[in-house]
Amino acid sequence: MPPSLADIYAPIRDELEASTALLASEFRDCDPALAELADHAARYGGKRLRPALLLLSGSACGGIDDRHIQAAAVVELIHTATLVHDDVVDAAERRRRGTTVNAAWGDDVSILLGDLLFARAIETFVQFAGPVENRLLAAAVREVCEGELLQLMARRQPELQESRYLEIIAKKTGALCSVACSLGASLAGESDGHLERLGTFGRGLGIAFQIADDCLDIRGDENTVGKTLGTDLRGGKLTLPLIRLREAGQAADLRELEDLLADPEADGLRDRLADLLARTGAFAYCERKARGYIHDGAAQLDFLPDRPARSALLALADFAVTRER
């Protein structure tokens, strides 16, 4: 049986709990009139992947201090802001088995809440971070926003190629995972070259995680995953399983795909599409692609000493492609 997230996070368990507590205080530190709204957004927290990457990277590079705990809370606050915005774009109604902010309060409130969370994260970060860390985080936030915008503009583009899709998710998801690793190393005193290597590992993990997520959007179970699925299909978003089938499928498979996508709201669409993607090897291709990023990323960590945190980073990378939620 593969290790659970609790097992993987064991080397940083206390620090991750401290970061989670600090994150909760960030949500509470707002105008009382916004308390219910902020509390609702706080429930978006799930795997704590990005804080864990930051803390494990710091631990693997020699040690964690209070700045790591603060930085871990900041990257999760930024991640939450992106989720709030994503749910508006996707018209999603469920997140972490509860209603989304946009479903409860509307799109306008959600957009401004996401902006507020971004601003609060930056305000907190500059109070303890140095010039190197500030540059790293600013560049990552820019990349995330670019990736989200590029993905939105690529909707309903049947000619979207795999290479462009990978460029988009390298920004949209990869950038924040990358900077989490780089920040952990930088705050531990590592050199620029090592920051880059850990950042490369984190970006590859983020890309693999997003590929797995895009497969789960089609074949996952909503009760297990805990959020609205099928939003990519309804929104006309081409993801790697569909791109692979369109680029390598047989004529009969492409006709079947076209018929299925003609009515994104049809009952049972996800099940029928999942069967087609499984039969044609598109899901298997995605799994190989994701594992390739994990394999290449793991090679970037060979400079690290053999510590529990290094082993946990590798285990977390494997979890990114084997998870069911």
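For the structure itself, consult the block above.
Residues numbered from 1 in each chain as written. Predicted model: local features only at pLDDT ≥ 70, side-chain atom pairs only at ≥ 80, totals over all residues. Heavy atoms only, no water.

Chemist: How do you make sense of the overall build of the chain when you look at a structure like this?
Modeler: Looking only at helices and strands, one finds 18 helices and 2 strands in the chain. The C-alpha radius of gyration of the chain comes to 19 Å, within 12% of the 20 Å expected for a compact globule of 325 residues. Along the first, second and third principal axes, the C-alpha atoms of the chain reach 60 × 50 × 35 Å. Taken across its 325 residues, the chain has 51% of its residues classed as buried. Contacts in the chain between residues at least 24 apart in sequence constitute 78% of all its contacts with a sequence separation of at least 6. Carbon and sulfur atoms make up 50% of the accessible area of the chain, which totals about 14400 Å². (Helix = DSSP H or I, 4+ residues; strand = E, 2+ residues; numbered from the N terminus. Rg over C-alpha atoms; globule rule 2.2 N^0.38 Å. Buried < 20%, exposed > 50% of the residue type's maximum accessible area, 1.4 Å probe, protein only. Contact = heavy atoms within 4.5 Å. Areas by Shrake-Rupley, 256 points an atom, 1.4 Å probe, with all protein chains shown as cover.)

Chemist: I would appreciate a short explanation of the environment of proline 131 in the present structure.
Modeler: Here proline 131 shows up in helix α8 (residues 131–153). Since its relative accessible area comes to 57%, proline 131 is described here as exposed.

Chemist: Would you mind showing me how to read the packing of helix α5 (residues 66–90) against helix α10 (residues 174–187) here?
Modeler: In contact at an axis separation of 10 Å, α5 and α10 are set at 170 degrees when each is read in the N-to-C sense. What the angle tells us is that α5 and α10 run roughly antiparallel. When α5 is examined against α10, the residues Arg67, His68, Ala71, Val75, Ile78 and His79 are found in contact with a partner set consisting of Leu176, Leu183, Gly184 and Leu187. Split into classes, the residues belonging to the contact of α5 with α10 amount to 6 nonpolar, 3 polar and 1 charged. (Axes fitted to C-alpha atoms, helices over the stretch in contact; angles between N-to-C directions. Parallel < 35°, antiparallel > 145°, perpendicular 65-115°, else oblique. Nonpolar A, V, L, I, M, F, W, Y, C, P; charged D, E, K, R; others polar.)

Chemist: Would you mind showing me how to read the pattern of salt bridges here?
Modeler: A side chain with one charge can pair with a side chain of the opposite charge if their charged atoms come near. Per the stated rule, a full pass over the model turns up 18 salt bridges. Among the salt bridges present, the one from lysine 237 reaches aspartate 90, with a minimum N-O distance of 3.6 Å. Within this pair, whereas lysine 237 is found in the loop between α13 (231–234) and α14 (240–248), its partner aspartate 90 is found in helix α5, the two being separated by 147 residues in sequence. The exposure classification of lysine 237 matches that of aspartate 90, with both residues buried. Here arginine 120 makes a salt bridge to glutamate 123, at a shortest N to O gap of 2.9 Å. With arginine 120 and glutamate 123 both in helix α7 (residues 107–125), this residue pair falls 3 residues apart, about one helical turn. The exposure class assigned to glutamate 123 is partly exposed, which follows from its relative accessible area of 42%. (Salt bridge = Lys/Arg side-chain N within 4 Å of Asp/Glu carboxyl O.)

Chemist: Help me out: how do you make sense of the nonpolar core in this one?
Modeler: Core analysis: the largest hydrophobic core is formed by 95 residues, its most contacted members being Leu53, Ile211, Leu273, Leu313 and Leu316. If sequence neighbours within four positions are ignored, leucine 273 has contacts with Ile218, Leu233, Leu242, Leu257, Leu260 and Leu261. (Core = buried A, V, L, I, M, F, W, Y, C linked by side-chain atoms within 4.5 Å.)

Chemist: What's the story with the packing of aromatic side chains in this structure? I'm lost.
Modeler: Applying the stated criterion to the full structure yields 1 aromatic pair. Centroid distance phenylalanine 125 to phenylalanine 128: 5.2 Å. Interplanar angle 75 degrees. Geometry classified as edge-to-face. Just as phenylalanine 125 is buried, phenylalanine 128 falls in that class too. For the cation-ring pair, arginine 50 lies above phenylalanine 209, with the distance from its terminal atom to the ring centre recorded as 6.0 Å. One residue, arginine 219, lies across the ring of phenylalanine 283, its end atom 4.3 Å from the ring centre. (Phe/Tyr/Trp six-rings, centres within 6.5 Å; stacked < 30°, edge-to-face > 60°. Lys NZ or Arg CZ within 6 Å of the ring centre and 35° of its normal.)

Chemist: Before we go on, may I ask you to explain unusual backbone geometry in this structure?
Modeler: Comment: phi is negative for the bulk of residues other than glycine, and the bulk of peptide bonds are trans. Of note in this structure, arginine 48 is not a glycine but carries a positive phi near 55 degrees. Tracing the chain through its elements places arginine 48 in the loop between α3 (35–42) and α4 (49–60). Arginine 48 gets classed as buried once you look at its relative accessible area, which sits at 15%.

Chemist: So what exactly am I meant to see when it comes to the packing of helix α11 (residues 192–219) against helix α17 (residues 282–299) here?
Modeler: Remark: α11 packs on α17, axes separated minimally by 8 Å, with the N-to-C direction vectors making an angle of 165 degrees. Taken as axis vectors, α11 and α17 run roughly antiparallel relative to one another. As for the relative orientation of α11 and α17, their crossing is left-handed in sense. Of α17, the residues touching α11 (which contributes Arg197, Phe201, Gly204, Leu205, Ile207, Ala208, Ile211, Cys215, Ile218 and Arg219) are Phe283, Cys286, Glu287, Lys289, Ala290, Tyr293, Ile294, Gly297, Ala298 and Ala299. Across the contact of α11 with α17, the residue classes tally to 14 nonpolar, 2 polar and 4 charged. (Left-handed = near helix turned anticlockwise from the far one by under 90°.)

Chemist: Where do I start with a nonpolar patch on the surface in this structure?
Modeler: Together, Val89, Leu149, Leu152 and Met153 make up a nonpolar patch on the protein surface, roughly 380 Å² of accessible area in all. A total of 3 residues in the nonpolar patch trace back to one element, the largest contributor, which is α8. Tracing the sequence through the fold places leucine 149 in helix α8. (Patch = residues over 30% accessible without salt bridge, like charges linked within 9 Å, V, L, I, M, F, W, Y side chains within 5 Å.)

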